[in-house]
Structure formats: C-alpha cells, structure tokens
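Observations on the three-dimensional arrangement
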Amino acid sequence: MIINRNILKIFLITILIASIFNFSFNYDKAIFKNILFETLDSKNGLSNSSISAIVQDSKGFLWFATQNGLNRFDGKEFLVFNNEPFVKNTIPNQLIQTMYIDKNDILWLGTYSGLCRFDIKNGSFTTYKNDIGDETSLSNDIVIAIERDMEGNLWVGTLKG
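These notes cover the structure that comes with them. This is a predicted model, so every value here is computed, not measured.

1. A closer look at the sheet that holds strand β3 (residues 69-73)
Spatially, β1-β2-β3-β4 is the arrangement adopted by the four strands of the open sheet, whose pairing is antiparallel. Only two strands of the sheet have a single partner each, and these edge strands are β1 (51-56) and β4 (78-81). Between one strand and the next, the sheet's axes are offset by a mean angle of 20 degrees, whatever the strand orientation. In this structure, β3 lies alongside β4, joined through four bridges in antiparallel fashion. The residue of β4 that forms the bridge with Arg72 is Leu79.

The structure is reproduced here in structure tokens:
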C-alpha cells in the first residue's frame, strides 16, 4: 500500500498537536489540583460580604473595601475601620466604592462622602469633599474611581467627572 507523503505529514502533525494539547491539559489539571480556596465572610470577621475593591500593601496585609467599612486581613483575622460620627479623623462613610494604594502605602478610599486618604503607618484619615466655592475641590462627593498616572498625579472619578 502506497501512502501519499502529504497525507502522512498531515497525519503526523495532527498526532503531534493532539499530544501537545493532551500534555498541556493534564499539566494544567496537575497544577490546579493542589489549590485550595477558603471563603472569608462575616463568620471570619469580615464586616460585610459585599466587597467593591481589594488591594495588598507592602507588608502583605489585604485591604477590603466593603459596604460596611474598611477591613484589613492579616491572614488570620480582620481589623475593621468604621465611620465614627462626630470623630474628626475617621472614614467619612461606611460605603466604600473604590480603593487605590500608592507606593508609599497610602490608601485612597472612594466613598459616598468624598475621597479619603488613609496613612497606614500612622493610622490617620483625611477626607476631601466637594466645596461649591472651590473649583479645585472634588466635583462630587461620590467617588467611583481612583488612579495615578505615570507622572504621579492622582486622578479621582466622581459621579460628575
């Protein structure tokens, strides 16, 4: 029986590709076989299961922005930062919409009551709000996005730009 060389080449290439896919699929299954997932919720100390942002600081702490305050997770337990009415240096609102951490471990929180700067090292909060008489202030107190550009400028998105 005479086999056409082109048909033989196609057959061998098909077997080679199938072998590569089979190896790749089995390799991926082996990698993911040992991954374990753990659910973090209010039973573990999380203040609210509705999470809008997660960041990690330079010390490895995970920070969760929730609808009920700011949560820091050290791998074992949560530390919760809440709004404290009539206290000056606190989160301005329980509902945190977005979060950004910069290279100096300054945590920027976008809340429904302004932009909040949290200095992790000394634990102080500073809030920036819309001031109708100041055109350089926030355009709106509901902050929905925070980012830095390549020049180091902090950009803050609100409901009004």
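2. Quick word on the pattern of salt bridges
Counted under the stated rule, the structure contains one salt bridge. Between Asp102 and Arg148 there is a salt bridge, with the nearest N and O atoms lying 3.4 Å from each other. Taken together, the residues Asp102 in the loop between β5 (96-101) and β6 (106-111) and Arg148 in strand β9 (residues 143-148) connect sequence positions 46 residues apart. Of the residues examined, Asp102 reaches a relative accessible area of 9% and is grouped as buried. Here Arg148 falls in the partly exposed class, since its relative accessible area comes to 27%.

3. Some details on the packing of aromatic side chains
By the definition in use, this model includes eight aromatic pairs. Ring geometry for Phe73 and Phe78: centres 4.6 Å apart, planes at 35 degrees, overall tilted. For the pair Phe73 and Phe78, a shared accessibility class is recorded, and that class is buried. Positioned over the ring face of Phe61 is Arg72, at 4.1 Å from the centre of the ring.

4. Structural notes on the pairing of strand β2 (residues 62-66)
Counting buried positions along β2 yields four of five residues, so the element is predominantly enclosed. Bridge count for β1 against β2 is five bridges, and the pairing is antiparallel. When the sheet's bridge partners are listed, Ile51 is paired in β2 with Thr66. Hairpin connection between β1 and β2: a loop of five residues separates the two successive antiparallel strands, and Gly60 in this loop has a positive phi of roughly 95 degrees. Inspection of the sheet shows β2 paired to β3 by five bridges, in the antiparallel sense. The residue bridging Trp63 from the neighbouring strand is Arg72, located in β3. The turn linking β2 back onto β3 is made up of two residues.

5. Points about the environment of Ser47
Note on placement: Ser47 falls in the loop between α1 (5-32) and β1. Note: C-alpha distance between Ser47 and Asn71 (24 residues apart in sequence) is 7.0 Å. In this structure, Ser47 is in contact with Thr66, Asn68, Gly69, Asn71 and Val80, ignoring residues within four places of it in sequence. Within the structure, Ser47 has its side chain in polar contact with the side chain of Asn71 (distance 2.8 Å).

6. Brief notes about unusual backbone geometry
Its identity as a non-glycine residue notwithstanding, Phe86 has a phi of 70 degrees, on the positive side. Relative to the assigned elements, Phe86 resides in the loop between β4 and β5. Since its relative accessible area comes to 90%, Phe86 is described here as exposed. A positive phi angle is found at Asp105, which is not glycine, with a value near 60 degrees.

Conventions we followed
- Residues numbered from 1 in each chain as written.
- Predicted model: local features only at pLDDT ≥ 70, side-chain atom pairs only at ≥ 80, totals over all residues.
- Heavy atoms only, no water.
- Pairing = 2+ DSSP bridges.
- Helix = DSSP H or I, 4+ residues; strand = E, 2+ residues; numbered from the N terminus.
- Axes fitted to C-alpha atoms, helices over the stretch in contact; angles between N-to-C directions.
- Salt bridge = Lys/Arg side-chain N within 4 Å of Asp/Glu carboxyl O.
- Buried < 20%, exposed > 50% of the residue type's maximum accessible area, 1.4 Å probe, protein only.
- Phe/Tyr/Trp six-rings, centres within 6.5 Å; stacked < 30°, edge-to-face > 60°.
- Lys NZ or Arg CZ within 6 Å of the ring centre and 35° of its normal.
- Contact = heavy atoms within 4.5 Å.
- Polar contact = N/O pair within 3.5 Å; in protein donor to acceptor, adjacent residues only side chain to side chain.

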